[in-house]
Structures are given as C-alpha cells and as structure tokens.
Amino acid sequence: MQTQDMHNSEYFVFLRGKFYRYKQFEVLDEGTYENIYDSVYILKSDNIDEYIIYSNGKFHFYDRKRNNVLIYSKIDNHALFINVHIKR
C-alpha cells in the first residue's frame, strides 16, 4: 500500500502476521499485526500500538506523530518492497 503523496511515498507491507512500514531506502517501523474485526487490524511494534482500517479500497492509519490520518492505496496483493532491504 502506498500513501497518496507521490513525492514522499510511504508504504505498508503485510506478510504472515508481520507488518513493515517504509519509505524508499528507509525502514520506518516493523512489528506484528492482527485482524481483530472485519476490516480492522491492530499494529504493534516498539513504536506503535495502533489500528489500521480497510475501507472503500483504501487503508486508513492514524499517525500520532503527525496528528493526521494517512490514507494508503492498495497497490498489489503480494508483498512488494521498493528500494529497501527488509530482514525477514
């Protein structure tokens, strides 16, 4: 999934119970996720304990640091890492 800001895109990847949040060349966060109700997921890491919601083909994530809801577009059904190395 990708944020709508094309010039400073952030991505979430969900893969077998783990999530990765990154920008090109930089991992921002990684942790675990759990589907707790229909389209509601909880993300847990050393940095966050937050919900992400899937609605109308987009993911909505409240970023406490920015005090803003970030909207991510789903770009693929497969894990996709762009210009970043993730240790799995």
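Structure: see above.
In short, a report on the structure. Predicted model only: the values in this text are computed from it and were never measured.

About the criteria used
Residues numbered from 1 in each chain as written. Predicted model: local features only at pLDDT ≥ 70, side-chain atom pairs only at ≥ 80, totals over all residues. Heavy atoms only, no water. Pairing = 2+ DSSP bridges. Helix = DSSP H or I, 4+ residues; strand = E, 2+ residues; numbered from the N terminus. Core = buried A, V, L, I, M, F, W, Y, C linked by side-chain atoms within 4.5 Å. Buried < 20%, exposed > 50% of the residue type's maximum accessible area, 1.4 Å probe, protein only. Salt bridge = Lys/Arg side-chain N within 4 Å of Asp/Glu carboxyl O.

**Let's talk about the pairing of strand E8 (residues 68–73)**
Then, in step 1: The pairing of strand E7 (residues 58–63) with E8 spans six bridges and is classified as antiparallel. Its bridge partner lying in E8, Lys 58 is registered against Ser 73.
Then, in step 2: Connecting E7 to the antiparallel partner E8 that follows it, the hairpin turn spans four residues, and Asn 67 within it adopts a positive phi of roughly 50 degrees.

**Focus: the nonpolar core**
Then, in step 1: Within the largest apolar cluster, nine residues are counted, these being Phe 12, Phe 19, Leu 43, Ile 48, Ile 52, Phe 59, Phe 61, Leu 70 and Tyr 72.
Then, in step 2: Where this core is concerned, the elements lending two or more residues are E7 and E8.
Then, in step 3: If you look at the next biggest cluster of nonpolar residues, it comprises seven residues, including Tyr 11, Val 13, Val 84 and Ile 86.

**Structural notes on the pattern of salt bridges**
Then, in step 1: One pass over the full model with this rule turns up six salt bridges.
Then, in step 2: Taking the shortest distance from any N to any O, the salt bridge between Glu 30 and Lys 18 comes out at 3.8 Å. With Glu 30 in strand E4 (residues 26–37) and Lys 18 in strand E3 (residues 18–23), this pair connects stretches of sequence that are 12 residues apart.
Then, in step 3: Judged by relative accessible area, Glu 30 falls into the partly exposed class, the value being 34%.

**Quick notes on the pairing of E3**
Then, in step 1: Summarising the sheet, strand E2 (residues 10–15) and E3 pair through six bridges and their orientation is antiparallel. Paired with Phe 12 across the bridge in E3 is Arg 21.
Then, in step 2: Taking the residues between adjacent antiparallel strands as the criterion, E2 and E3 are bridged by two residues, where Arg 16 takes a positive phi near 50 degrees.
Then, in step 3: Note: E3 against E4, six bridges, orientation antiparallel. For Phe 19, the partnering residue across the bridge sits in E4 and is Gly 31.
Then, in step 4: Hairpin remark: E3 followed by E4, antiparallel, with two residues in the connecting loop; positive phi at Phe 25, about 75 degrees.

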